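Close look at the chain arrangement
Take a look at the letters that make up each chain.
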Amino acid sequence: MKKQFINDLKPGDFVDDIFVLSQKAVAQKKDGNNYLNVALSDKTGSIKGVVWDNVDRIAAGPASGDVVRIQASVNEYKGIAQLVIKNMEACSAEDFDPSEFLPTTRRNIDSMLQRLLKVTASFKDGYLKALLDAFWDDKEFVRQFKTAPAAKKMHHAYIGGLLEHTLSMATLADNIAGHYSGIDKDLLIAGAILHDIGKTRELEYELKIDYSDEGRFLGHIVIGLEMIEEKLSKIEDFPQEQKLLLKHMIVSHHGTQEFGSPEPPKTIEAVLLNYIDEMDSKVKGIRDFIASEDSNETWTSFHRLLGRHFYVGKRDK
């Protein structure tokens, strides 16, 4: 059983335990000799490491994605904990429990799915209901949808994260559709549920969260469109305009080409979906960032991607 986890490691510790080898890359020192940069992960996070000795032997061993046992010391490099690895060997499958390597949603996965099924069961639009039912009747899709993360790093980056993100967006869509007049509520909620389904195949999430080959080649928007078209092809007389409106929501949900959408939102429902996705992912990402910070400080450190510090106030000790 694994006993040492990344979020507990501190400079001065000696490590003898198993981790996922997330990345490895051979580099050269100024004297021309090789060294090895690695990244290791478990369900609590990731940590960088370096191999100075026996580099060729260790580099020729485990591959990225393998579970490895390491012996290493923890030091501090530029203010961040880093492993100096003395030995690293691949583990066999019987030596580890996969649940120890990926973080998981704190919410009940089956309960979240049931809430989502209840939402789609209330659809008044028979064609959209048939489309969603086609996905819910697909056991392999449901298995992947319940398991997949919503992202590699930024938000909901854990097992069950895609389902959690989708349910949150569907709930927001339901509330917002009631606030504005003239909104196609079923279409907006369908877009919220289907907007990221391509991530079930864009990402791999067995021992580490990373991009699959299909994900790197196509991306989740293209994959999602393919998945939707496959289901639509089996629904007789599905209205052509409705197909286009729904597919447009998938294509445009990132808002701009700069952020990965081939087209900007061109319907009110598509505009709303873009902002709902932006709001849910940003709030979750910021909250996770705040939670990872020093609880004694009233401001966070600088968030590089969002370009700012966040005020958290004085927290109870």
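Our structure is the block above this text.
So, here is what we can say about the structure in this document. For clarity, every value in this text was computed on a predicted model and none was experimentally measured.

1. Re the pairing of strand S3 (residues 45-51)
Strand direction decides the pairing type here: strand S2 (residues 34-42) and S3, joined by seven bridges, are antiparallel. Opposite Ala39, over in S3, you have Lys48 as the bridge partner. One ladder, built from two bridges, connects S3 with strand S5 (residues 80-90); its direction is parallel. Following the sheet pairing, Val50 is matched in S5 by Val84.

2. Focus: a nonpolar patch on the surface
Nonpolar side chains collect at one region of the surface, where Phe217, Leu218 and Val222 lie side by side and expose about 320 Å² of accessible area between them. Tracing the backbone through its elements, the reader meets Val222 in helix H8 (residues 213-232). Judged by relative accessible area, Val222 falls into the partly exposed class, the value being 37%.

3. Remarks on the environment of Ile85
Tracing the sequence through the fold places Ile85 in strand S5. Those residues in contact with Ile85 that lie beyond four places of it in its chain are Val38, Leu40, Gly49, Val50, Val51, Ile70, Gln71 and Ala72.

4. Concerning the packing of aromatic side chains
Aromatic ring pairs are defined here through the distance separating the ring centres and the angle between the ring planes. Across all of its chains, the model carries seven aromatic pairs by this definition. Ring geometry for Tyr35 versus Trp52: centroids 5.1 Å apart, planes at 35 degrees, classification tilted. Note that Tyr35 is positioned in strand S2 and Trp52 in the loop between S3 and helix H1 (55-59), a separation of 17 residues in sequence. Of the residues examined, Tyr35 reaches a relative accessible area of 18% and is grouped as buried. Clustering of aromatic rings is evident, with ring pairs tying together Phe135, Trp136, Phe141 and Phe145. The ring of Phe5 carries Lys2 above its face, with NZ or CZ at 5.0 Å from the centroid. Taking NZ or CZ as reference, Lys2 lies 3.5 Å from the ring centre of Phe19, over its face.

5. Details of H8
The α-helix advances 3.6 residues per turn, and as a result positions three or four apart in sequence lie on the same side. Remark: the principal bend of H8, roughly 95 degrees, maps to Gly219. Taken as a whole, H8 has its buried residues at Gly215, Gly219, His220, Ile221, Ile223, Gly224, Met227, Ile228, Lys231 and Leu232. The secondary structure elements touched by the buried residues of H8 are helix H3 (126-136), helix H4 (139-147), helix H6 (185-194), helix H7 (199-202) and helix H9 (240-252).

6. With respect to the pairing of S2
It is a general feature of regular strands that their side chains alternate between the two faces of the sheet. For S2, the tally of buried residues reaches seven of nine residues, placing the bulk of the element in the interior. Between strand S1 (residues 14-28) and S2, which pair antiparallel and follow one another directly, the connecting turn spans five residues, one of which, Gly32, has a positive phi of 95 degrees. Where S2 folds back on S3, the antiparallel hairpin that results is connected by two residues.

7. Some details on the pattern of salt bridges
Applying the stated rule across the entire model yields 19 salt bridges. As a salt-bridge pair, Lys247 and Glu229 come within 2.4 Å of each other at their nearest N and O atoms. Of this pair, Lys247 sits in helix H9 while Glu229 sits in helix H8, placing them 18 residues apart in sequence. It is possible to trace a salt-bridge network through shared partners that takes in Asp138, Glu230, Lys231 and Lys234.

Parameters at a glance
Residues numbered from 1 in each chain as written. Predicted model: local features only at pLDDT ≥ 70, side-chain atom pairs only at ≥ 80, totals over all residues. Heavy atoms only, no water. Pairing = 2+ DSSP bridges. Helix = DSSP H or I, 4+ residues; strand = E, 2+ residues; numbered from the N terminus. Patch = residues over 30% accessible without salt bridge, like charges linked within 9 Å, V, L, I, M, F, W, Y side chains within 5 Å. Areas by Shrake-Rupley, 256 points an atom, 1.4 Å probe, with all protein chains shown as cover. Salt bridge = Lys/Arg side-chain N within 4 Å of Asp/Glu carboxyl O. Buried < 20%, exposed > 50% of the residue type's maximum accessible area, 1.4 Å probe, protein only. Contact = heavy atoms within 4.5 Å. Phe/Tyr/Trp six-rings, centres within 6.5 Å; stacked < 30°, edge-to-face > 60°. Lys NZ or Arg CZ within 6 Å of the ring centre and 35° of its normal. Bend = angle between axes of the 7 residues up to and from the residue.

So far we have only geometry, and geometry alone does not tell us how the molecule works.
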